[in-house]
2 protein chains.
Amino acid sequence: MPLRPPALDPATLAPRTDSGYPEPYRSRVLPREKRQLGKALGLRQFGVNLTTLPPGKESSMRHWHTHEEEFVYVLEGEVVLRTDAGEQVLVAGACAGFPAGSGDGHQLVNRSDRPAVYLEVGSSHAADAVFYPNADVDMHYDPAVHDGRFTRKDGTPY
Amino acid sequence: MPLRPPALDPATLAPRTDSGYPEPYRSRVLPREKRQLGKALGLRQFGVNLTTLPPGKESSMRHWHTHEEEFVYVLEGEVVLRTDAGEQVLVAGACAGFPAGSGDGHQLVNRSDRPAVYLEVGSSHAADAVFYPNADVDMHYDPAVHDGRFTRKDGTPY
């Protein structure tokens, strides 16, 4: 019998495969798949995504949040976590957490030859802004700038 | 090389094996093990526990929160989820979510013959109170009553 609320079989959810990123960053993350478990279960205080990252793809550009916290737990395959602490390989059963306002950008990169699957949890905060510290990523997100769309670091729109 | 912050190998954490429950409820949940991943990673907006529930044990008494949301994702073994929707078996890869204020108490019970392992995520709210709707569970939690310790439903202390 299929699961019914408040339970959920993630396989029954259609994945989101879009991204708000402008190019050239968009192509570096897609076709990443996100199944929005928390949203499907009616949660509002934090989001939970079951994410599949294909070989060669990045979870996001390296970034940090001013107000929102994030957590990831690897379920299948492996990813490389990139932060100021260097690169670390996270295999199934490993996790990582990113407090708000750290100033330390993070991203996951799948350098293996098979899909990686992980859970990602993130709190939600209306005032949250996102910084992309790497010099080669000219992107910024602030809900108060340019109608909450991604801009270049100088605030100009894409 | 061991993982270093912001990454974490959960196996390196000593589990919490205590419970704030009074008897006879305490014995129904222990020796449940909780590894507090979120706390170890410096997260403050939500908690993440990696929990091992032995055969025959309950995750908690059936309860619901006034302000806090909860989410569980089963990693190993199986548990029975008990809610107003009835009983449902959650195997590895299944999840469930519990919005605040639902009035629908939930608990997980391990009726199998091997340990069940799951991730549990919960938001944090200072005003949160917990109701235990089942008639056979005489317990209540409100931070404003009895110094934030568990009481009977009439507010008297254990």
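An account of the accompanying structure is given in this report. Source: prediction; values computed, not measured. (Residues numbered from 1 in each chain as written. Chains lettered and ligands numbered in written order. Predicted model: local features only at pLDDT ≥ 70, side-chain atom pairs only at ≥ 80, totals over all residues. Heavy atoms only, no water.)

When its secondary structure is counted, chain A shows two helices and 12 strands. What you see in chain A, going N to C, is helices and strands ordered as β-α-β-α-β-β-β-β-β-β-β-β-β-β. Here the C-alpha radius of gyration of chain A, 16 Å, is about what a compact globule of 158 residues would show, namely 15 Å. For chain A, the C-alpha atoms occupy an extent of roughly 55 × 35 × 25 Å along the three principal directions. For chain A, the proportion of contacts with a sequence separation of at least 24, taken over those separated by at least 6, is 61%. Charge separation in chain A, taken as the distance between the mean sites of 17 positive and 21 negative side-chain charges, equals 5 Å. (Helix = DSSP H or I, 4+ residues; strand = E, 2+ residues; numbered from the N terminus. Rg over C-alpha atoms; globule rule 2.2 N^0.38 Å. Contact = heavy atoms within 4.5 Å. Lys, Arg positive; Asp, Glu negative; His and termini not counted. Charge placed at Lys NZ, Arg CZ, Asp CG, Glu CD.)

Attention now moves to the relation of the copies chain A and chain B. When chain A is fitted onto chain B, the two copies agree to an RMSD of 0.0 Å after a turn of 180 degrees and an axial shift of 0.0 Å. Each copy turns onto its partner about a two-fold axis. Here 100% of the interface residues in chain A have copies in chain B that are interface residues too; the copies meet face to matching face. (Least-squares fit on C-alpha atoms with pLDDT ≥ 70 in both.)

Further remarks concern the sheet that holds strand β11 (residues 130-131) of chain A. Each strand in a sheet pairs with another by means of backbone hydrogen bonds, the pair being arranged parallel or else antiparallel. Residues and elements named next belong to chain A. One open sheet accounts for three strands, arranged β4-β11-β12; its pairing is antiparallel. In the strand order of this sheet, the two ends are held by β4 (64-65) and β12 (140-141), each with one partner. Bridging between β11 and β12 involves two bridges; their strand directions are antiparallel. Across the sheet, the residue bridging to Val-130 is Tyr-141, located in β12. (Pairing = 2+ DSSP bridges.)

This part takes up the pattern of salt bridges. For the coordinates displayed, the defined rule picks out 18 salt bridges over all chains. Note that Arg62(A) and Asp104(A) form a salt bridge whose closest N and O atoms lie 3.3 Å from each other. Taken together, the residues Arg62(A) in the loop between β3 (46-53) and β4 and Asp104(A) in the loop between β8 (95-98) and β9 (107-109) connect sequence positions 42 residues apart. For the pair Arg62(A) and Asp104(A), one class covers both residues: buried. Across the pair Arg62(B) and Asp84(B) runs a salt bridge whose closest N-O atoms are separated by 2.9 Å. With Arg62(B) in the loop between β3 (46-53) and β4 (64-65) and Asp84(B) in the loop between β6 (78-83) and β7 (86-91), the pair connects residues that are 22 residues apart, well separated along the chain. Overall, Arg62(B) belongs to the buried group, its relative accessible area being 11%. On the basis of relative accessibility, which here comes to 57%, the residue Asp84(B) falls in the exposed class. Salt bridges linked by common partners bring Arg62(A), Asp84(A) and Asp104(A) together as one network. (Salt bridge = Lys/Arg side-chain N within 4 Å of Asp/Glu carboxyl O. Buried < 20%, exposed > 50% of the residue type's maximum accessible area, 1.4 Å probe, protein only.)

All right, on to the interface of chain A and chain B then. The extent of an interface is frequently quoted as the accessible surface area lost upon association of the parts. Contact residues are listed per partner, giving 44 residues for chain A and 44 residues for chain B. Between chain A and chain B, a total of about 3,200 Å² is buried, with carbon and sulfur atoms accounting for 63% of that surface. At the boundary of chain A and chain B, one finds 16 residue pairs in polar contact (both at pLDDT 80 or more). Taken together, the elements giving at least two residues each to the side of chain A that touches chain B come down to β1 (7-8), β3, β5 (70-76), β6 (78-83), β7 (86-91), β8 and β10 (116-123) of chain A. Sort the elements by how many residues they give to the side of chain A that touches chain B and β7(A) lands first, with five residues. Here the residues of the side of chain A that touches chain B are counted per class, giving 28 nonpolar, 10 polar and six charged. Pairing geometry for β1(A) and strand β8 (residues 95-98) of chain B, over two bridges, is antiparallel. Note that in β8(B) the partner of Leu8(A) across the bridge is Cys95(B). (Buried area = accessible area lost by both parts, 1.4 Å probe. Polar contact = N/O pair within 3.5 Å; in protein donor to acceptor, adjacent residues only side chain to side chain. Nonpolar A, V, L, I, M, F, W, Y, C, P; charged D, E, K, R; others polar.)

Ranked by internal contacts, the top residues of the largest apolar core, which has 30 residues, are Leu37(A), Phe71(A), Tyr73(A), Leu37(B), Phe71(B) and Tyr73(B). Taken together, the elements giving at least two residues each to this core come down to β3, β5 and β10 of chain A together with β3, β5 (70-76) and β10 (116-123) of chain B. When near neighbours in sequence (up to four residues on either side) are disregarded, Leu37(A) contacts Leu8(A), Pro10(A), Leu13(A), Val48(A), Leu50(A), Leu119(A), Phe71(B), Tyr73(B) and Cys95(B). (Core = buried A, V, L, I, M, F, W, Y, C linked by side-chain atoms within 4.5 Å.)

Now for the pairing of β7(A). All names here are of chain A. With six bridges connecting them, β6 and β7 associate as antiparallel partners. Residue Glu-78 lies in a different strand from β7, and its bridge partner there is Val-91. Between β6 and β7, which pair antiparallel one after the other, the connecting turn spans two residues.

Once that is clear, we can look at the sheet that holds strand β2 (residues 33-36) of chain B. Taken in spatial order, the six strands make up an open sheet running β1(A)-β8(B)-β5(B)-β10(B)-β3(B)-β2(B), and their pairing is antiparallel. Strand pairing shows two members of the sheet lacking a second neighbour, β1 of chain A together with β2 of chain B, which therefore form its edges. Inspection of the sheet shows β2(B) paired to β3(B) by four bridges, in the antiparallel sense. What sits directly across from Glu33(B), in β3(B), is Thr52(B).

Read these as spatial facts, not as claims about activity.
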